[in-house]
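Report on the structure
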Amino acid sequence: MFNRLRLAPLTGVLILTILACAGSNSAQKQPTLPDNVVTAMGEAPIYQGDLALARNKALKDAKLNAIRKLVGEQITEKSGVSDGQSLGSKLYGKTDSFVKKYDIISEEQWKLDTQDMIRLNVRCEVEATKLSTAVDALLDDVGNPRIAVLVQTVVNGKSYPIGSATNIAEAELIEKLRTKGNKVVDSSQLTALLKKNPSLAKLDLTSVEEGSPLLTLAQDSGAEVLIIAKVTTTDQKPVVLPGGKKTDFLSSAATGPYRIIQLWGDGKIFGSGSLEGRGADITQEVSREQAVKDWANLVSNKVGKQIKDEWFKLTEQNTVILKFKGLGLEDAINFKNDLMEYTSVKQINDRKTEMNGSEWELTYPGKESMFAEELMYKKDSSFRFLSSKTLSINSSKRGVVEVEFRNK
């Protein structure tokens, strides 16, 4: 009897725990629902008593959250990233085209500080094939950044500056990368930019550091990644066959280092190496050309693999600088907490927080444009400044997002 009495409270606790877990899971996705059906919450403020408008915004928010969940799951499964939701931000504006039909399960109203709010619980059925196709296209785009290529070439002691029409190493590397499916910035764009500042073509590519005008040049061309390299040919001694006879073929080697630089976020170097190409022909001139082509082929293979291997890792841990003004200290603290809770921001380092201008460093799984898009989608729901402030994005470029808060 004593053992029965002793077990009863434990059994009750176990049942309550199971029920609590079941309730928590059902708020996310019902286990009995098909894979393309998901239940999501949507919230919106009620301005000037306009309940119909608020309900439409809350419905849009619920659809967005449903798509976020499914897109995030697919991207994580297909690409191997740990958090695929933010990488899918380009698809969030197409929620209506992905949601085949929906049912509003429940509706409630409450106050966020002094602001009236509405919350909807919505079951959404998604066009699975259409969404999967869109995710595949997105991964091809996100995982295949636009590349700028700058190569300094020295053939038989003669220098060919970057952007030169006679620079065969640069042209060959660009062609090899394109052939392998990489998106390469048109060299004419870089050449046009170089003409405005010809001295850049003479810079030593082996010592390009942060803040170099060459990085700005590549950014201005629309590139997301810069490949810089330097290659030099060296004629080789004739091959002597057994017996002392020399072959008719002349050979050359093309040797040089390369670096791969990320042009957004913190602009880090995420790949480097040095390779040697070989060429042979009955003329020395052609052997040099063959060596340069072999070097370009080797570099394109190595670079292509390094970019594919590292790009998603980079996007998961990108650095975005957020600059904003118009929030007092207490509101700024609330805004920081809201960013961590309601967006995909993983970490926030406070550089300065002041009423006339604050600056934070965010760790975010995506480029600054994706963060800005997510911020725009989420700014009208759940953030604690809703009752007194409006948020607008002034600019979003080169790893920096500038935001302004204004009083209502």
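Procedures and definitions
Residues numbered from 1 in each chain as written. Predicted model: local features only at pLDDT ≥ 70, side-chain atom pairs only at ≥ 80, totals over all residues. Heavy atoms only, no water. Core = buried A, V, L, I, M, F, W, Y, C linked by side-chain atoms within 4.5 Å. Buried < 20%, exposed > 50% of the residue type's maximum accessible area, 1.4 Å probe, protein only. Helix = DSSP H or I, 4+ residues; strand = E, 2+ residues; numbered from the N terminus. Contact = heavy atoms within 4.5 Å. Axes fitted to C-alpha atoms, helices over the stretch in contact; angles between N-to-C directions. Parallel < 35°, antiparallel > 145°, perpendicular 65-115°, else oblique. Pairing = 2+ DSSP bridges. Phe/Tyr/Trp six-rings, centres within 6.5 Å; stacked < 30°, edge-to-face > 60°. Lys NZ or Arg CZ within 6 Å of the ring centre and 35° of its normal. Left-handed = near helix turned anticlockwise from the far one by under 90°. Nonpolar A, V, L, I, M, F, W, Y, C, P; charged D, E, K, R; others polar. Salt bridge = Lys/Arg side-chain N within 4 Å of Asp/Glu carboxyl O.

This brings us to the nonpolar core. In this structure, Ile 67, Val 71, Leu 91, Phe 98, Ile 118, Leu 131 and Val 135 are the most contacted members of the largest nonpolar core, which totals 28 residues. Those elements that place two or more of their residues in this core are strand 1 (37-45), helix 2 (51-79), strand 3 (115-126) and helix 4 (128-142). Of the residues forming this core, the biggest block, 10 residues, is contributed by helix 2. Contacts of Leu 91, omitting those with residues within four sequence positions, involve Val 71, Phe 98, Ala 134, Val 135 and Leu 138. Core analysis: the next-biggest nonpolar cluster, separate from the first, contains 27 residues, Ile 174, Val 225, Ala 254 and Ala 296 among them.

Closest axis-to-axis distance for the helix 2/helix 10 (residues 368-378) pair is 11 Å, and the angle between their directions is 140°. The angle between the axes of helix 2 and helix 10 places the two elements in the oblique class. Every residue of helix 10 that contacts helix 2 at Asp 61, Leu 64, Asn 65 and Arg 68 is listed here: Glu 374, Tyr 377 and Lys 378.

Attention shifts here to the sheet that holds strand 10 (residues 318-325). With respect to topology, 5 strands assemble into an open sheet ordered 11-12-10-14-13, the strand pairing being mixed. The strands lining the two open edges of the sheet, one partner per strand, are strand 11 (347-352) and strand 13 (389-397). The mean angle between the axes of side-by-side strands here comes to 25°, regardless of whether they run parallel or antiparallel. Two strands pair when backbone bridges link them, and strand 10 and strand 12 (residues 358-364) are joined in this way by 7 bridges, in the antiparallel orientation.

Let us look at the packing of aromatic side chains. Under the definition given, this model contains 8 aromatic pairs. Ring centres 5.1 Å apart and planes at 80° place the aromatic pair Phe 335 and Phe 405 in the edge-to-face group. Taken together, the residues Phe 335 in helix 9 (residues 329-342) and Phe 405 in strand 14 (residues 400-407) connect sequence positions 70 residues apart. Neither Phe 335 nor Phe 405 differs from the other in exposure class; each is buried. For the ring pair Tyr 342 and Phe 383, a centre distance of 6.2 Å and an interplane angle of 75° mean the geometry is edge-to-face. On the criterion of sequence distance, the pair formed by Tyr 342 in helix 9 and Phe 383 in the loop between helix 10 and strand 13 is long-range, its members being 41 residues apart. Three or more aromatic residues joined by ring pairs form one cluster here, namely Phe 324, Phe 335, Tyr 342, Trp 360, Phe 383 and Phe 405. For the cation-ring pair, Arg 119 lies above Trp 110, with the distance from its terminal atom to the ring centre recorded as 4.1 Å. A cation sits over an aromatic face here: Lys 336 above Trp 360, 5.1 Å from the ring centre.

It is worth spelling out the packing of helix 6 (residues 187-196) against helix 7 (residues 213-220) at this point. Axis separation between helix 6 and helix 7 bottoms out at 9 Å; the angle between their running directions is 135°. In terms of their interaxial angle, helix 6 and helix 7 are classed as oblique. With respect to the hand of their crossing, helix 6 and helix 7 are arranged in right-handed fashion. Facing helix 6, whose interface residues are Leu 190, Leu 193 and Leu 194, helix 7 presents Leu 217, Ala 218 and Asp 220. Its residues placed into classes, the contact of helix 6 with helix 7 shows 5 nonpolar, no polar and 1 charged.

Quick look at the sheet that holds strand 2 (residues 99-112) now. As summarised here, the arrangement of the 3 strands in space is 1-3-2, forming an open sheet in which the pairing is antiparallel. Each edge of the open sheet carries a strand with a single partner, namely strand 1 and strand 2. Going from strand to strand, the sheet's axes swing by 20° on average, the running direction of each strand aside. Where helix 2 meets the sheet, its contacts fall on strand 1, strand 2 and strand 3, and the angle it forms with strand 1 comes to roughly 140°.

Positive phi outside glycine occurs at Gln 48, with the angle close to 50°. Within the secondary structure, Gln 48 sits in the loop between strand 1 and helix 2. Given a relative accessible area of 86%, Gln 48 falls into the exposed group. One non-glycine residue with positive phi stands out, namely Asn 156, at about 55°.

A separate point is the pairing of strand 10. Counting buried positions along strand 10 gives 6 out of 8 residues, so the element sits mostly inside the fold. Bridge count between strand 10 and strand 14: 5 bridges; the pairing is parallel. Paired with Phe 324 across the strands is Val 403, a residue of strand 14.

A few words on the environment of Leu 150. Position of Leu 150 relative to the elements: it lies in strand 4 (residues 146-155). Among the residues examined, Leu 150 registers a relative accessible area of 1% and is labelled buried. In this structure, the C-alpha to C-alpha distance between Leu 150 and Ile 174, residues 24 residues apart in sequence, is 9.2 Å.

So, on to the pattern of salt bridges. Side chains that differ in sign of charge can pair as their charged atoms come close. Evaluation of the coordinates by the stated rule reveals 17 salt bridges. Lys 101 is the salt-bridge partner of Glu 125, the closest N and O atoms lying 3.7 Å from each other. Taken together, the residues span a long stretch of sequence, with Glu 125 in strand 3 and Lys 101 in strand 2 at a distance of 24 residues. Overall, Glu 125 belongs to the buried group, its relative accessible area being 19%. What you see here is one network of salt bridges that share partners, running through Glu 43, Glu 108 and Arg 119.

Before going further, it helps to examine the environment of Gly 157. Tracing the backbone shows Gly 157 in the loop between strand 4 and strand 5 (158-160). We classify Gly 157 as exposed; its relative accessible area is 64%. The spacing of Gly 157 and Thr 234 is 77 residues in sequence and 8.8 Å in space, taken between C-alpha atoms.

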